Amino acid sequence: MKFSEYKYVRPNLEEFKSKMDEQLVNIATEKDAAIEIAAVYNVFDIQDYIDSMQQIVQVRYSINTKDKFLEGEQEFLDKNSPLIQEVNQKFVNKLLDSTNRDALVKEFGSYIFEKFEVAKKTFSSEIIPDLQEENKLSTEYSKLLAGAEIEFEGKKWNLSQMRPFTTHVKRETRHAAQLAVSGWFESVEEQIDRIYDDMVKVRTKIAKKLGYKNFVQLGYDRLGRTDYTSREVKIYRDQVYQSVVPFVVDLVERKGKRLGIKDLKSYDLGLSFLSGNPTPKGDSTWQVHHAKEMYEQMSPETGEFINFMIDHELLELDAKEGKMGGGYCTFIPEYSSPFIFANFNGTSGDVDVLTHEAGHAFQIFQSQKQIPEYRWPGFEGAEIHSMSMEFLAWPWIHRFFEDDTDKYKFNHLAGAISFLPYGVTVDEFQHGIYEKPEMTAAERKALWSKTQSKYMPYVDYDDDKFMKKGTYWYRQGHIFGVPFYYIDYTLAQVVAFQYWIKAQANHRDAFDHYLALCKLGGSKSFVALLNSANLESPFLDGVIKKTLEPLKAYLNDIDDTKL
Ligand SMILES: [Zn+2]
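Heads up: these notes are all about the structure in this document. (Residues numbered from 1 in each chain as written. Predicted model: local features only at pLDDT ≥ 70, side-chain atom pairs only at ≥ 80, totals over all residues. Heavy atoms only, no water.)

Let us now look at the coordination of the zinc ion. At this site the zinc ion is bound by H356 (NE2), H360 (NE2), E383 (OE) and E383 (OE), with donor distances of 2.1 to 2.4 Å. In this structure, the zinc ion is surrounded by 4 donor atoms whose angles at the metal cover 54 to 141°, and the resulting shape is irregular. (Donors = N, O, S within 2.8 Å, 3.2 Å for Na, K, Ca; no water. Tetrahedral: all angles 85-135°; square planar, octahedral: opposite > 155°, others 65-115°.)

Next up, the structure:
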């Protein structure tokens with residue numbers, strides 16, 4: 001069956017509620033453990049069904065936002081998702097209350113209880129109006145940015161359409177493009193400052209109502225971080241400062257030499273090579289053809305996976321009218337189907353979809369038999385699968401990039417390392433914000449500037465007075481939408497580097513190791529996943545330095561001025 005034939009029926013919420021209630025009476029009511037375990041499995045089936053209906057609508061709507069039927073269904077689900085959440089929360093509380101905990105742990109493991117304990121702390125009916133306020137602010141921010149219209153070279157563009165100009169090979173174009181983007185942000189400065197101030201305050205209020213000292217730990221708990229705290233994250237950031245920043249300073253200097261520019265400015269950093277950034281040498285059909293060959297040759301498991309995706313039409317790749325922006329990977333339990341959504345635009349980002357998003361999809365394909373709570377890991381865990389697949393694809397990557405292959409490899413690795421200081425800047429900034437929620441807008445901007453110059457001393461905004469004020473973070477949606485979600489990408493990147501090292505030594509072994517990690521899905525917390533896969537935790541002092549050594553040696557061996 002193809003994705004277009006997957007059946008969608010609008011969920012009957014009364015039926016959902018009563019079906020759940022039928023099962024919940026058998027949980028935490030002194031019943032026999034076997035009855036309780038059977039009821040929990042029934043709950044999972046009910047949840048999988050309603051989740052599948054939600055996923056099908058969301059995917060179809062994101063492909064065609066002009067379809068009135070889908071728009072109506074999406075609205076219905078948006079409106080009713082708090083009700084679904086409320087019922088699911090009842091299940092969480094009941095399972096935690098069960099007197100058969102030992103038998104349940106034997107069946108489902110202890111991690112689900114750890115997850116549910118944390119989930120319980122983050123919610124109470126008292127905070128519902130505040131959550132609604134928080135969502136409203138989030139939507140206001142997204143809409144504001146999505147509606148950006150930037151005048152440039154006689155035309156109007158949105159923020160993502162400005163990217164080809166801000167990374168243009170002509171320096172004057174890049175420079176002018178950066179100033180144009182800054183000009184737009186300056187025109188909405190008061191609005192963004194007000195939205196963010198309201199967000200920080202309502203989040204702090206929610207935290208206090210739930211009994212937290214401030215929002216920091218609540219932010220961690222919302223992300224389901226059960227085995228590390230802001231203490232470990234601080235040790236991690238310090239390592240990035242000591243071991244990564246000096247090397248990135250080197251890499252930036254090398255870029256200056258490559259581009260023939262003595263004093264690099266902020267608008268020079270997005271360009272990697274004077275001859276232009278590497279691009280794939282064919283359209284989406286051509287790229288999928290190469291992806292199919294690559295995954296068939298990589299392993300029997302990846303071969304089965306890619307053919308499943310192609311045969312069921314689970315790859316939606318080309319940009320088209322009426323389609324939402326961005327890219328994602330999701331999963332439809334009723335049809336055992338991952339789904340990949342993207343907007344191909346002819347840049348190397350297209351190939352990243354076929355490696356990065358396919359890494360996410362491959363992981364869920366391998367872990368789909370786990371109970372729903374264990375299928376996906378947290379964000380930090382999930383990005384290991386995607387970022388490592390980008391590296392495992394290297395032996396085939398020349399088929400996509402042809403003459404640009406060396407440029408791509410250098411850029412991929414150097415870019416991944418250079419990303420770390422920015423990632424920790426975003427994280428340290430947010431800790432400062434939520435530890436001192438009473439800060440003024442000007443104090444927040446000063447904090448950004450201070451943090452950014454600590455980790456990214458090479459960023460010189462030149463004559464861009466608005467960026468100099470400390471406003472770059474305005475465009476980083478995670479800071480607004482999901483606080484403290486960002487360090488995850490950097491944590492996963494350090495772990496993915498370990499797969500790059502393994503793959504350089506022996507690709508077969510590296511892949512087998514990776515496959516075992518994918519099969520674990522989200523059955524363990526982040527550090528526990530690393531431990532059971534024999535990967536080194538980036539939180540341990542010295543791990544980043546050690547992990548970076550072979551990567552540095554590889555990059556230092558390349559004469560990048562010849563690329
Ligand atoms: Zn990802």
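Moving on to the side chain of S388. Note that S388 resides in helix 15 (residues 379–392). Judged by relative accessible area, S388 falls into the buried class, the value being 0%. Beyond its immediate sequence surroundings of up to four residues, S388 is in contact with E383, A496, Y499 and Y514. (Helix = DSSP H or I, 4+ residues; strand = E, 2+ residues; numbered from the N terminus. Buried < 20%, exposed > 50% of the residue type's maximum accessible area, 1.4 Å probe, protein only. Contact = heavy atoms within 4.5 Å.)

Turning our eyes to something else, we now look at the side chain of R237. Tracing the chain through its elements places R237 in helix 11 (residues 230–259). With a relative accessible area of 6%, R237 lands in the buried category. Within the local environment of R237, its side chain forms a polar contact with the side chain of H431, the two groups lying 3.4 Å apart. (Polar contact = N/O pair within 3.5 Å; in protein donor to acceptor, adjacent residues only side chain to side chain.)

This part covers the layout of surface pockets. The gaps of empty space that remain are located by a probe, the size of a water molecule, rolled over the atoms. Put simply, the second largest pocket is a space of about 230 Å³. Together, 14 residues line the second largest pocket, and S284, T285, V288, L315 and L317 are the ones closest to its centre. When residues of the lining of the second largest pocket are traced back to their parent elements, those giving at least two are helix 12 (284–298), helix 13 (300–311) and strand 3 (315–318). Counting residues per element, the lining of the second largest pocket draws most heavily on helix 12, which supplies 5 residues. Taken together, the residues of the lining of the second largest pocket break down into 6 nonpolar, 3 polar and 5 charged. (1 Å grid on protein atoms, 1.4 Å probe; cavity = no way out; pocket = protein on both sides within 12 Å on 5 of 7 lines; lining within 4 Å. Points joined across faces, edges and corners; volume = space filled by probe spheres on them. Nonpolar A, V, L, I, M, F, W, Y, C, P; charged D, E, K, R; others polar.)

Before going further, it helps to spend a moment on the packing of aromatic side chains. Going through the model one piece at a time under the given rule, you end up with 54 aromatic pairs. Both rings, one in Y295 and one in F305, keep their centres 6.2 Å apart while their planes meet at 85°; by these two values the pair is edge-to-face. You can see Y295 sitting in helix 12 and its partner F305 sitting in helix 13, a full 10 residues away along the chain. Owing to a relative accessible area of 0%, F305 belongs among the buried residues under this scheme. Where W394 meets W500, the ring centres are 6.1 Å apart and the plane angle is 85°; that geometry is what we call edge-to-face. Of this pair, W394 sits in the loop between helix 15 and helix 16 (398–401) while W500 sits in helix 21 (residues 487–505), and the two are 106 residues apart along the sequence. (Phe/Tyr/Trp six-rings, centres within 6.5 Å; stacked < 30°, edge-to-face > 60°.)

Don't take any of this as a statement about function, it's just geometry.
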